[in-house]
Structures are given as structure tokens and as C-alpha cells.
Amino acid sequence: MNAVISVIGKDTVGILAAVSGLCAQVNANVQDVTQSVLGGYFAMIMVVDISKCNVDLSDLRTQLTALGQDRNLQIHLMHEDIFNSMHRI
Amino acid sequence: MLSTSEILETIQMIQQENLDIRTITMGISLLDCADTDIDRACEKIYQKITTRAKDLVKVGQQIEDKYGIPIVNKRISVTPISHVLAVSGGDPVKYALTLERAAGTVGVNFLGGFSALVQKGFAPGDMELIEAIPEALRQTEHICASVNVGSTRTGINMDAVKMMGEIVKKSAEVTADKNCIGPAKLVVFCNAVEDNPFMAGAFHGVGEPDCVINVGVSGPGVVRAALAKMQGGDLTDVADLIKKTAFKITRMGQLVGAEAAEALGVPFGIVDLSLAPTPAIGDSVAHILEEIGLEQCGTHGTTAALAMLNDAVKKGGVMASSNVGGLSGAFIPVSEDAGMIAAAKAGTLTLEKLEAMTAVCSVGLDMIVVPGDITPATISAIIADEAAIGMVNSKTTAVRIIPAIGKKVGEELEFGGLLGSGPVMPVGSKSAEKMIARGGRIPAPLQSLKN
């Protein structure tokens, strides 16, 4: 069971570390990361395996949102099913 | 593997383009609650609703949390109360108050089904229920009423049409101190459907199972944004793009509906493919039509653009869902759509044009504010016109108009929330009194020789 974390905001040192650090803390295994920095803006999409996660999805979302607020980033967490149902037949 | 652009597209739809699940509606049959003692019947109804729907709001929130997609409304539709009233007799308002109490206990936004189906005539309970509608709407906050006055197979019950003109007016009068909210919760249908999840016209038809989950998706903002990004292209391309977008929106509805039904342990009914606008900026059906190329919604060309939009939404949505039903089409509720409000204020969108638009889309003259001094006969005549369009074209049509007591053309009526606000629109000045007073029935139309 995977979830997708998206991070958008102004580039600063340690964004990737902070987000993946939080994932490690809750035992969510990072499967794939795509990230780019365009004109000073940081955009990252991270697919994480949440089947062994030690908090539930809404808790993880709250923690990620709080992390985003601290660092002035927009962080969203969504279950993978929604993307699969929308984009795959 | 999902591509970055697909992931970003979905996130943008939800974060910026107001994509949401408009409603998950639980349909509950009350046929087994009928009792010759009205108090006992009310108690059975309260028990059944609060048992069946006790987890509805909780499950809705869990799904919101899981997928990160807003589910704006959690609602309930019940068997038309006239059926239960037929057995018990007594004061129909008692049922309305029971439903209100149940709605409060389970925490839903609206509960629909204070309804009667009288397309061919009045059965026991029907007339009493209809007469009680203004009082039921005055005394409750979350209860919605609807009356079906005609169908393609039966024709139009003009006695009921006459009655509904009076009921709509009275509903406005008794709620004049609450911005005439009464008639905003009252729909008069022709060809009403039994599985509609949208309010105010939802009720749980007698052909439906005991309990069922129906889902209404939304997303005018997404369709408009997709069109805005389109460079050039003819109308075939436009229709194609709308189809693809509708497919994506509906897939999400299907996912949420199936998940909700499983979590609640009830069968999944249908996904309603309607494009339902809200007063929020960017969530407007009128703005889609303007994006297609109209200077303002309501001008010449509006009917054609809307017909294309409506058809493309259905074509895209039908493939995305295992079961499509309800009203399925584009809604054009004036007070709930920022673009429609602007067009009505500018005088571009008139009642006559709206009537033409209802011939090609779902569902009818919806959330239209009319002057407070409108006569019941004129309201009945508006209902009759709209029912005739539905009857002849074998489609659902409805009328939800709000006489703004004490207000004139040019003034505004504010409801707030999803119901929005609407300018008072002018109606014809000549009377239809004599025709409405005739009553009787308009016979069912011929189903062949279609021209």
C-alpha cells in the first residue's frame, strides 16, 4: 500500500532530509523520489510504502502539514489509489 | 508507475480547481416503518435512520482522510413520506420533525424525502403531505421536500401543478423572516428519478433496495481549467477534452462510492455524473460555457454549448463508473453559480433562456429568485411549462423557484453557504390564471412521430 507525498515551495537546505527523516520516524519506506529545482522553486514527489507505517494516514498528514508550515512549504499526502483510479483503466 | 505529470494533475484538480465529492447520500427505505399509529411509525423511522446511518458521517470523514479529497456533504434520502403517511394518517409535520431529529443525531447536512409522487393522481396521504410542506419546511432546517407532478408515461397532473404554485408561495411566506429559505428546500419534478443523491430533490424510490449508497461528484472548476489550458481547437476537440476530464472526475466518485459502501456494509448504488456548481469562484458551469467561447452565459449559443457540455460529461462518465444514475448532467442553479449570478444581474440570463437551457441539460429551473408579489397561478404556469419540457423530451425536469417576499426585480436574496445568493429575476406579467384554474390532466404524449 503506497501513498504519494508532494512537496512544493522555495528551495532551502535540507527539505529532502526533513521529509524523508519524518518518513523514517513513522516507518514509511521511501520507494521512489522525483525532485527538481526550477528557478529557485523546489518540487518533489515521493512515493512511500505505508503498509508498515506506525501511525495512521491522517496522523502522518497532520505531521507533514506541520512540517510544511514550519518550512514554508506546501506538503500534501494522498493515497496512491486515487491516482491509479483516475489515470489507469 | 504513475508519472509526475499525472500526480501533479490530480493534486492541482483538488487543491486549486475545487474538485470534490459533492455528496455521499445513503438511501434508506422506510416502508417497513409504516404503522397505523403515527407515534409508533415515527419512533420506528428514528430508530431505522439512526441505526443505518450511524457511521455515515464518520466513514465519510475517514475516506476524506485516506484520499485527501473533500467530501462536502453527507446526506440521507428516504422513502417518500406520503407512503408512510398513507398508513398512519395524522399530522405529517410529525414525520418532518422526526426526520429532523434523526438528521441531527447522525449529523448529516440534509435529509430528503418529505415527498409525494402524484403524477397521475392523489393517493391517500399525498394531499395531506403536500398541504403540510410549508409548515414542515418552516419548522425544520435539514429536511427537503419534493413532489413529482408529471411523467412521460402518465402526462401532467395539473391539479397538483395548481396546488404546488400555492405551496411554493406559502413556503416562502412562512419563512419570510429566514430569507424565504422554505422553497429553496422544495423541488417540483417531472420524471423524478428514484436514486438521485443531490438535494433538494433526493428521495429513496420504492424500487430501490433497503439501504444503498449513491455518490454525486462535482468539478465544474476542473472542466473549466482544462478548457482554459487548451490552445485553439474546434468544438469536436472541446467535447473530447470535456469527455476525458469527466472520465477522471467520475473515476474518483466510483472509488469513493465503492469504498464508502464497503465500509458501511451496504450495496453501492450509482454515481451521479452531474457537474454541480458552488458559489465559490472558479466552480461555475456558466464559466465553462464562457470558456467555450460565449461572452456571457445566457447569450445566443448558450443552449448549444450547454447541450454539448452535458452530453460530453455523460459520455466520459459512463465509461468511468460501473453504475451511472441519478440526474447525471450539468446543473444550472442560478443562485449557486457565480457566473450565472453575474449573467442574471447583467440581464443576459433570463428566465426564458434558462427554460430553453433546461431542455438540453439536467435538471430544470433551479434556485431562481422571483419577485415576492408573484401569483400562485404564475408559479403553477412556470411549473407546467417546465414539466411539459420534461414530459415531451423524456427527461427529468424540475422547478425550484423562490418568491422573495417583499422584494422586487433588481434586489437580491441572500441564502448563504452552498445555496448562495440570487438577484430577483423578472417574470411575465400576463396571467395564466384561467388555464391553471381548469386543473385536470395533460394527457401523456405520443412516443412516436417525433418532430
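Residues numbered from 1 in each chain as written. Chains lettered and ligands numbered in written order. Predicted model: local features only at pLDDT ≥ 70, side-chain atom pairs only at ≥ 80, totals over all residues.

In terms of helices and strands, chain A carries three helices and four strands. Beginning at the N terminus, the succession of helices and strands in chain A can be written as β-α-β-β-α-β-α. Relative to the 2.2 N^0.38 estimate, which gives 12 Å for 89 residues, the radius of gyration of chain A is 13 Å and therefore close to what a compact globule would have. Principal-axis analysis of the C-alpha atoms places the extent of chain A at approximately 35 × 30 × 20 Å. Look at the contacts in chain A between residues 6 or more apart in sequence, and 65% of them connect residues 24 or more apart. (Helix = DSSP H or I, 4+ residues; strand = E, 2+ residues; numbered from the N terminus. Rg over C-alpha atoms; globule rule 2.2 N^0.38 Å. Contact = placed C-beta atoms within 7 Å.)

The subject of this paragraph is the interface of chain B and chain A. On the side of chain A, 17 residues touch chain B, which itself brings 16 residues to the contact. Every element with two or more residues in the side of chain B that touches chain A is listed here: helix H1 (4–15), helix H3 (56–67) and helix H9 (235–264) of chain B. Taken together, the residues of the side of chain B that touches chain A sort by class into seven nonpolar, four polar and five charged. (Nonpolar A, V, L, I, M, F, W, Y, C, P; charged D, E, K, R; others polar.)

Within this numbering scheme, the UniProt entry marks residues 4–78 of chain A as carrying the feature "domain: ACT" (unreviewed entry). When the span residues 4–78 of chain A is considered, its composition is 35% helix and 43% strand, and the gap between its end C-alpha atoms is 5 Å. (UniProt positions renumbered as here; feature names shortened; annotations may be inferred.)

Here we come to the domain arrangement of chain B. Residues and elements named next belong to chain B. Here the domain parsing of chain B yields domain 1 (25–190) and domain 2 (216–432). Summarising the inter-unit geometry, the C-alpha centres of domain 1 and domain 2 are found 22 Å apart. Contact residues are listed per partner, giving 36 residues for domain 1 and 35 residues for domain 2. Among the elements that make up the side of domain 1 that touches domain 2, the one with the highest residue count is helix H7 (residues 158–174) (10 residues). A class-by-class count of the residues in the side of domain 1 that touches domain 2 yields 22 nonpolar, nine polar and five charged. (Domains from an automatic or database assignment.)

What follows covers the packing of helix H5 (residues 92–106) of chain B against helix H6 (residues 126–139) of chain B. Between two packed helices, what matters for the description is the angle formed by their axes and the separation of those axes. All names here are of chain B. Contact geometry for H5 and H6: axes closest at 8 Å, N-to-C directions at 40°. Comparing their axes, H6 and H5 come out oblique. Every pair of crossing elements has a handedness; the one defined by H5 and H6 is right-handed. Along its contact with H5, which presents Pro92, Val93, Ala96 and Leu97, the element H6 presents Glu128, Leu129, Ala132, Glu135, Ala136 and Gln139. Its residues assigned to classes, the contact of H5 with H6 comprises seven nonpolar, one polar and two charged. (Axes fitted to C-alpha atoms, helices over the stretch in contact; angles between N-to-C directions. Parallel < 35°, antiparallel > 145°, perpendicular 65-115°, else oblique. Left-handed = near helix turned anticlockwise from the far one by under 90°.)

Following Met199(B), the chain continues into Ala200(B) via a peptide bond in cis, with omega recorded as 10°. Considering the arrangement of structural elements, one finds Ala200(B) in the loop between strand E6 (186–190) and strand E7 (211–217). A positive phi angle is found at Asn72(A), which is not glycine, with a value near 60°. Looking at the element boundaries, Asn72(A) is found in the loop between helix H2 (57–71) and strand E4 (73–79).

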